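Inside the fold
Letter by letter, the chains look like this.
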Amino acid sequence: MCPVNIVDISPRYHSAYFACLEEWSDEIKEAGDHKSCWFNKYKDRGLRVKLAVEEGKGAVGMIQYLPAEESTIAGQGLYFILCIWVHGYPQGIGNHQKRGIGQALLQAAEADAKALGAKGMAAWGIWLPFWMRASWFKKHGYGKADRQGLSLLLWKAFTAEAKPPRFIRKKKTPSSIPGKVAVTAFINGWCPAQGITHERARRASGEFGDEVIFRTIDTSDNNTFLEWGISDAIFIDEKQVGWGPPLSYEKIRAAIQKRVKKLKG
């Protein structure tokens, strides 16, 4: 195996980064340009991206983090890890997990945050054993700060004055529209998986003509996010549908169709 170097993102790696290293995936293409738009907005707001690069392969791992004050958590003087991902599929550049690349990315990000004057580092994790595992962060010195459903908010203090972060909870729910089915898509832009769900919901909504109203709420605007307390989600009328991996187009369409039939009585 060739050695892996940790580098800052540069235009050379933008296309791989925007596709979360999955340029081979037809599904990821459904996400549209949400991530590139988000990146262009946040690159001047403290966003940091580091890549693990292997000679002959290109980028095989990534970590992205930003000041807590610019993120979807409440915290002061901390950096928040949005995601850390080492390519694990056999397609494309192949599986690069179980080689210590994730640990190297995390250590590089922590060193960078300390150099920038951060008081600590935070990350979200899932307490079930899949992507962004909370147990992995705990193994690397992170402790629990908050919990919301399946998600844990974890953190590591760098200084004695550091204070733990907390999740920002949902503040309100989208309203229904009399005589219509309202599909409301909240999207922040940082995660292509959420971009896929947004685009599938938009496309499915369009199949029902004027019976369905599709609304996008852009939570990359921090004031908008704070107004709702929702980062990424799909609501059909006042009910949230799905969580986690992108819902299939068929499931989204079926959920909309069910509401349309109920509306017609």
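In case you missed it, the structure is sitting above this.
Reading guide: rules and limits
- Residues numbered from 1 in each chain as written.
- Predicted model: local features only at pLDDT ≥ 70, side-chain atom pairs only at ≥ 80, totals over all residues.
- Heavy atoms only, no water.
- Phe/Tyr/Trp six-rings, centres within 6.5 Å; stacked < 30°, edge-to-face > 60°.
- Buried < 20%, exposed > 50% of the residue type's maximum accessible area, 1.4 Å probe, protein only.
- Helix = DSSP H or I, 4+ residues; strand = E, 2+ residues; numbered from the N terminus.
- Lys NZ or Arg CZ within 6 Å of the ring centre and 35° of its normal.
- Contact = heavy atoms within 4.5 Å.
- Core = buried A, V, L, I, M, F, W, Y, C linked by side-chain atoms within 4.5 Å.
- Polar contact = N/O pair within 3.5 Å; in protein donor to acceptor, adjacent residues only side chain to side chain.

1. Brief notes about the packing of aromatic side chains
- Counting across every chain of the model gives eleven aromatic pairs.
- Look at Tyr-17 and Phe-18: their rings are 5.7 Å apart centre to centre, the planes differ by 50°, and that puts the pair in the tilted class.
- By relative accessible area, which is 1% here, Tyr-17 ends up buried.
- Taking the relative accessible area as the measure of exposure, Phe-18 reaches 21% and is therefore partly exposed.
- With 5.7 Å between their ring centres and 70° between their planes, Tyr-17 and Phe-39 make a pair best called edge-to-face. With a gap of 22 residues between them, Tyr-17 in helix α1 (residues 14-18) and Phe-39 in helix α3 (residues 34-42) connect regions that are remote in the sequence. Taken individually, Tyr-17 and Phe-39 each receive the classification buried, so the pair is uniform in this respect.
- One aromatic cluster is present, built from ring pairs that chain together Tyr-17, Phe-18 and Phe-39.
- Directly above the aromatic system of Tyr-17 lies the positively charged group of Lys-35, at a separation of 4.1 Å from the ring centroid.

2. Here's the deal with the environment of Val-49
- As for its position among the elements, Val-49 is in strand β2 (residues 48-54).
- Residue Val-49 is classed as buried on the basis of its relative accessible area of 6%.
- Other than its neighbours up to four places away in sequence, Val-49 contacts Val-7, Asp-8, Ile-9, Tyr-17, Phe-39, Ile-63 and Gln-64.

3. Here's the deal with the nonpolar core
- Counting 56 residues, the largest nonpolar core has Ile-81 and Phe-137 as the members making the most contacts within it.
- Sorting elements by how many residues they give to this core places strand β5 (residues 78-86) first, with nine residues.
- In this structure Phe-137 touches Ile-81, Ile-84, Leu-106, Ala-123, Trp-124, Met-132, Tyr-142 and Leu-154, once residues within four positions along its chain are discounted.
- Within the second largest apolar cluster, 15 residues are counted, among which are Ala-185, Ala-201, Val-212 and Val-260.

4. A short note on the side chain of Ser-220
- Structurally, Ser-220 is set in the loop between β11 (212-218) and α7 (222-228).
- What makes Ser-220 buried here is its relative accessible area of 3%.
- Of the polar contacts made by the side chain of Ser-220, one reaches the side chain of Asp-218; its length is 2.6 Å.
- With sequence-adjacent residues up to four places away left out, Ser-220 is seen in contact with Trp-38, Lys-41, Tyr-42, Arg-45, Ile-187 and Asn-188.

5. Digging into the environment of Lys-172
- Note on placement: Lys-172 falls in the loop between β9 (166-167) and β10 (181-187).
- Relative accessible area serves as the criterion here: at 34%, Lys-172 is assigned to the partly exposed category.
- Residues Lys-172 and Lys-262, 90 residues apart in the sequence, show an inter-C-alpha distance of 24 Å.
- With near-sequence residues (within four places) excluded, Lys-172 lies in contact with Glu-227, Trp-228 and Ile-230.
- Side-chain polar atoms of Lys-172 contact the side chain of Glu-227, separated by 2.7 Å.

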